[in-house]
Amino acid sequence: STGSLGHGLPVAVGMALAARERGQKHRVFAILSDGDCNEGSTWEAIMFAGQRHLSNLIAIVDYNRIQALGFSKDILDLGDLESRVAPFGWACKSIDGHDYGQIAAALQEISPLDSKPTCIIANTIKGKGVRFMENQVHSHYWHVTDEDLARAMKELEE
């Protein structure tokens, strides 16, 4: 995964390029957040991967529209992420990131013959299924107490 500051995709691009140069057939996956997509290094990686046709690279973006300090639309709105990434030479697909069937189908649809990197935009809701956490900015960074955990588990079991 990418961690803070959006370094994951650039590292994955380097790994995918190195694998291709060595004749290796494996794929490289990067899981990143929409907040990572605010970083310049992420967009440099997107441009580079598209230009180099790194078809062995798959980026999965957790697009929940919340960042560490607020809603993405209030910080740096990415809007329709698919329409922003695709012009750089990527095959893009938006899915419901909570639907395991859609996730599996999106991964199975990736063609090894395609000459493009793939970006799967997994639309999600932070804290989904737990009413006091769902779509709340604080759910991004807060410390979960034992009481919070018990309450969340009870809601998920209902």
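Refer to the preceding data block for the structure.
Residues numbered from 1 in each chain as written. Predicted model: local features only at pLDDT ≥ 70, side-chain atom pairs only at ≥ 80, totals over all residues. Heavy atoms only, no water.

1. Topic: the side chain of Lys-126
Part 1: Secondary-structure assignment places Lys-126 in the loop between β6 (118–123) and α6 (146–157).
Part 2: No salt bridge is formed by the buried Lys-126. Its closest oppositely charged neighbour is Asp-62, at 5.4 Å.
Part 3: Setting aside residues no more than four positions away along its own chain, Lys-126 makes contact with Asn-64, Ile-66, Met-133, Glu-134, Asn-135, Gln-136, Ser-139 and His-140. (Helix = DSSP H or I, 4+ residues; strand = E, 2+ residues; numbered from the N terminus. Buried < 20%, exposed > 50% of the residue type's maximum accessible area, 1.4 Å probe, protein only. Lys, Arg positive; Asp, Glu negative; His and termini not counted. Salt bridge = Lys/Arg side-chain N within 4 Å of Asp/Glu carboxyl O. Contact = heavy atoms within 4.5 Å.)

2. Some details on the sheet that holds strand β5 (residues 91–96)
Part 1: The strand order β1-β2-β6-β5 describes an open sheet built from 4 strands, whose pairing is parallel. At either end of the open sheet lies a strand with only one pairing partner, and these are β1 (28–33) and β5. Pairwise comparison of adjacent strand axes, ignoring direction, gives a mean angle of 20° for this sheet.
Part 2: For strand β2 (residues 57–63) and β6, the ladder comprises 6 bridges, and the chain directions are parallel. Each residue of the ladder has a partner; that of Val-61, found in β6, is Ile-121. (Pairing = 2+ DSSP bridges. Axes fitted to C-alpha atoms, helices over the stretch in contact; angles between N-to-C directions.)

3. Concerning the environment of Lys-25
Part 1: Residue placement: Lys-25 occurs in the loop between α1 (8–21) and β1.
Part 2: Distance from Lys-25 to Ala-68, taken between C-alpha atoms, is 36 Å for residues 43 residues apart in sequence.

4. Regarding the packing of α1 against helix α2 (residues 40–51)
Part 1: Packing of α1 against α2 leaves a shortest axis separation of 8 Å and a crossing angle of 25°. With respect to each other, α1 and α2 are oriented roughly parallel. Viewed along their axes, α1 and α2 form a crossing whose handedness is left-handed. Where α1 approaches α2, its residues Leu-9, Pro-10, Val-13 and Leu-17 are matched on the opposing element by Ser-41, Thr-42, Ala-45, Ile-46, Phe-48 and Ala-49. (Parallel < 35°, antiparallel > 145°, perpendicular 65-115°, else oblique. Left-handed = near helix turned anticlockwise from the far one by under 90°.)

5. Overview of the environment of Glu-82
Part 1: By the element assignment, Glu-82 lies in helix α4 (residues 81–85).
Part 2: If sequence neighbours within four positions are ignored, Glu-82 has contacts with Pro-87, Cys-92, Lys-93, Ser-94 and Ile-121.
Part 3: At 2.8 Å, the side chain of Glu-82 and the side chain of Ser-94 are in polar contact. (Polar contact = N/O pair within 3.5 Å; in protein donor to acceptor, adjacent residues only side chain to side chain.)

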